[in-house]
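So you can see what is in the structure, the chains are spelled out below.
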Amino acid sequence: MSLTNSHRNKKKGEMELQLKHFSHEHALIFKEEPTHESDEYACCSGCGKVASGPSFSCMECRFYLHKKCAKVPSEIKHPFHRDRNHNFKLLSSPPYEGTSLCCFCDKLCKNFVYQCSCGLSLHLDCASFSHKIAEKKFEEVDHIAHIDPLISSTEISNEELKNAKCYGCWKPLLDSAYFSLDCGFCLHRKCAELPLEINHSLHQPRSRLFYFHSSKLFLQFDGTSLRCQICRKTPRGLVYRCLDCKFVLHIECAEIPIKINLPYHRRHPFILQFNSEKFPCQNCQETPKPFAYCCSSCKLAIHVECISPPLVIEDESHQHPFNLFWKQLPFFCDACGTPGTCISYICLTCGLTVHKKCISLPRVINLPRHKHPINHINFLGEDGLKKKRCRICDGKVNTDYGVYNCSSCNYICHVICAIEDYKSYIFDESKEIVEQSLGSIISVIKESKVGNNVIATEIRHFSHQHNLVLSDDIEDDKRCDGCILFISAPYYHCSQCDFFLHKSCAEVPRKMKLWFHIHQRPLTLISDFIFVCGVCNYECSGFAYKCELCKSYICLRCALVSSDHASEGHKHRLVFYENKSAQCNACGERSMVPYWCSDCNFALHDKCLKLPHIARHKCDEHPLKLTYHEDNDYAQHHYCDICEKRRNSKNWFYSCTICDSSAHTDCVLQEYPFIKPGTTYKEGDHSHQPLVIVRKVYHYPDCHICCKPCQDLALECAETGCNYIVHWKCINNSSSV
């Protein structure tokens, strides 16, 4: 028997000295102190820390594993994750490399990880420490020192400590007594002592058909991304959550009192409850939230975060402090000019009364729609302003109260309009510099001096393979390859092929921010393909500015329209307004018209503002000019020469004075006015490439797809002897299927 026991002990000792672990293909050898002289900073593959003390290793692969990491269980049930059938399973690496964050410390998981099927991850050390905290095994962590920041300042000089956040509540670690950082974890003592389950009056239990809905809320890892029912913010760290429904509370929100008494409303107490009547907050007048402190008798509500407003607020935007005025009297805010019936703040020195939120209004705003910065002023007065209408909403502006104003020009707007307009954009954080030089667009080959100006007479443009020569000659039938409008002087042209560019189109920047685009970052100029413009919705073949974020394209015609644009159809510049409803003076339709002259009540749709001044149609051999007024009162003259239907003499139309003809704008432009004939198309399944875009005038061959005559825009094979032709619409539809 003694020999047998000895043999067993020997076998057991050999097994302890050698380990076959699931995370490594070779057997691991145990050593009290790992030998890695050649690799001084060798790390444990389990926890990621330096491999020291009792460890298992594979010297051939330089693989190390602490003894404690090698012995962790392959599966655990964590008290902070009580969801049914949700166990954490041990993995040798994160399932989503580079994106798996530990649900306790919120740091990246790189080594061994406990993973739940619902997506939660835990470091080995975080799993062990948080498990002890959850089970209240404080005797196992009592050796860790507790530091009270109000008493001790031994570690507070540490910059890392000043920025540290508690893993439980994610509030600053120095706000309360905490475990020493020697333990490797940031945790308040009070967060470690939180009860594992609570009953809360806001959570009403319900009996379901097949199971009972518990009234208890359990302390859990936040893995649901659900909003806290009280503050409506997405929790981080530990939360109190119902396992049967989507009820979640921040741990600090769970501790706030249910009933409070306020000095300015002594008649009744305020009760924390569901704000079923949707009363606005008495302190800030902001949008009602689901749960608030309510006085049902007086029909009042107060947001939880508005219960204890600061008595004094100092802000760099004003030289004096603002003092809280508890009395809820009606007032007009001197900062934004809107009325208020909530608590206010007053500057005793200047006599200003303002909303709390208006104390910190930005002093300067750079609105994309305006070329200069606009400044906030509490009192503008007359100040020589010609117009006192908001340039964003067109409403009247009272300059006795706060406004945003441009000191360089006659630009003024309401505070609320300026703030809301600014918030509607997504600004680029990269601070990419927009190139304004023409170096990346054109290379000057030749130049000449005209008066005091030097003009490039021959250039190489990024969009074309040949040199382009400057010209002032009139070309009636030629289109600009940038904006696809008919050519007007001055322009550049290629002597070897049918390529033309307006001088202004050739000089647009390669990268440019567009004031109307939601993404305020430099958009890149591209060419040589057909796209759908994200503004006018026309298919275009010219230049486009591309947004890399939303993958949208904006044609050059739309990109060059400013927020106060000139139109030949009106004597004043037209200002862009977001939500202006009126009758368009060009087409006669009543709808949202963004461009407006408030002096004349003159309005234009975005589409009508951008109508080409010159157009072509097969019904007339001459160019057709956009006409704004009908001089002929003869009723029989008010017919469209294309569709032969009556046209409204008050609306804009195209006309030829030579032939005395006129037509609706839509009849002239048709469906594809901004795809240039002659443009090559390199897609499709035809054996000959590329195809050429054509617009047939007299002879209409049948489309090879729909077998109907090609009377509209078509694609034709340029190969000699090939009669292949298809409607642009047919091939475009078939390629999008």
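As the structure is a computational prediction, the values presented were derived from the model and not from experiment.

Draft legend 1. Quick look at helix α6 (residues 415-423). Within α6, the full set of buried residues consists of Val 415, Cys 417, Ala 418, Ile 419 and Asp 421. Among the structural elements, β25 (364-365), β26 (374-377), β27 (403-406) and β28 (411-413) are those in contact with the buried residues of α6.

Draft legend 2. Structural context of the confidence of the model for the chain. Confidence along the chain averages 85 in pLDDT terms, with 90% of residues attaining 70 or more. Per-element confidence in the chain is highest for strand β41 (residues 553-555), whose mean pLDDT is 97, and lowest for helix α1 (residues 2-17), whose mean pLDDT is 49. Every residue in residues 1-15 is under pLDDT 50, and counting partners more than four places away or in other chains gives zero contacts.

Draft legend 3. Molecular detail of the sheet that holds strand β35 (residues 511-512). Strand order in this open sheet of four strands is β35-β37-β40-β41, and the pairing throughout is antiparallel. Each edge of the open sheet carries a strand with a single partner, namely β35 and β41. Two elements, β35 and strand β37 (residues 523-526), share two bridges in a ladder whose sense is antiparallel. Pairing of Lys 511 across the sheet is with Thr 524, part of β37.

Draft legend 4. Layout of the pattern of salt bridges. Here the structure, examined in full by the defined rule, presents 25 salt bridges. A salt bridge links Asp 106 to Arg 236; the nearest nitrogen and oxygen atoms lie 2.5 Å apart. Here the residue Asp 106 occupies a position in the loop between β6 (88-91) and β7 (113-115), and Arg 236 occupies one in the loop between β12 (216-221) and β13 (238-241), the gap between them amounting to 130 residues. A relative accessible area of 29% places Asp 106 in the partly exposed class. Ionic pairing is found between Asp 477 and Arg 616, a salt bridge with its closest N-O pair at 2.5 Å. Remark: Arg 616 occurs in the loop between β48 (614-615) and β49 (624-627) and Asp 477 occurs in the loop between β32 (467-471) and β33 (491-493); sequence separation between them is 139 residues. The exposure class assigned to Arg 616 is partly exposed, which follows from its relative accessible area of 23%. One salt-bridge network, in which partners are shared between bridges, spans Arg 82, Glu 197 and Lys 216.

Draft legend 5. Seen up close, unusual backbone geometry. The omega torsion of the bond from Ala 489 to Pro 490 falls at -5°, within 30 degrees of zero and hence cis. For Pro 490, the position within the fold is in the loop between β32 and β33. With an omega of 0°, the peptide bond between Gln 689 and Pro 690 qualifies as cis. Note on placement: Pro 690 falls in the loop between β52 (680-681) and β53 (691-695). Positive phi, normally seen in glycine, also occurs at Ile 484, with a value near 65°. Tracing the chain through its elements places Ile 484 in the loop between β32 and β33. Take Ile 484: its relative accessible area is 3%, and that puts it in the buried class. In this structure, Asn 537 is a non-glycine residue whose phi angle is positive, near 65°. With respect to the helices and strands, Asn 537 occurs in the loop between β38 (531-532) and β39 (539-540). With a relative accessible area of 57%, Asn 537 lands in the exposed category.

The rules we used
- Residues numbered from 1 in each chain as written.
- Predicted model: local features only at pLDDT ≥ 70, side-chain atom pairs only at ≥ 80, totals over all residues.
- Heavy atoms only, no water.
- Buried < 20%, exposed > 50% of the residue type's maximum accessible area, 1.4 Å probe, protein only.
- Helix = DSSP H or I, 4+ residues; strand = E, 2+ residues; numbered from the N terminus.
- Contact = heavy atoms within 4.5 Å.
- pLDDT = per-residue confidence, 0-100.
- Pairing = 2+ DSSP bridges.
- Salt bridge = Lys/Arg side-chain N within 4 Å of Asp/Glu carboxyl O.

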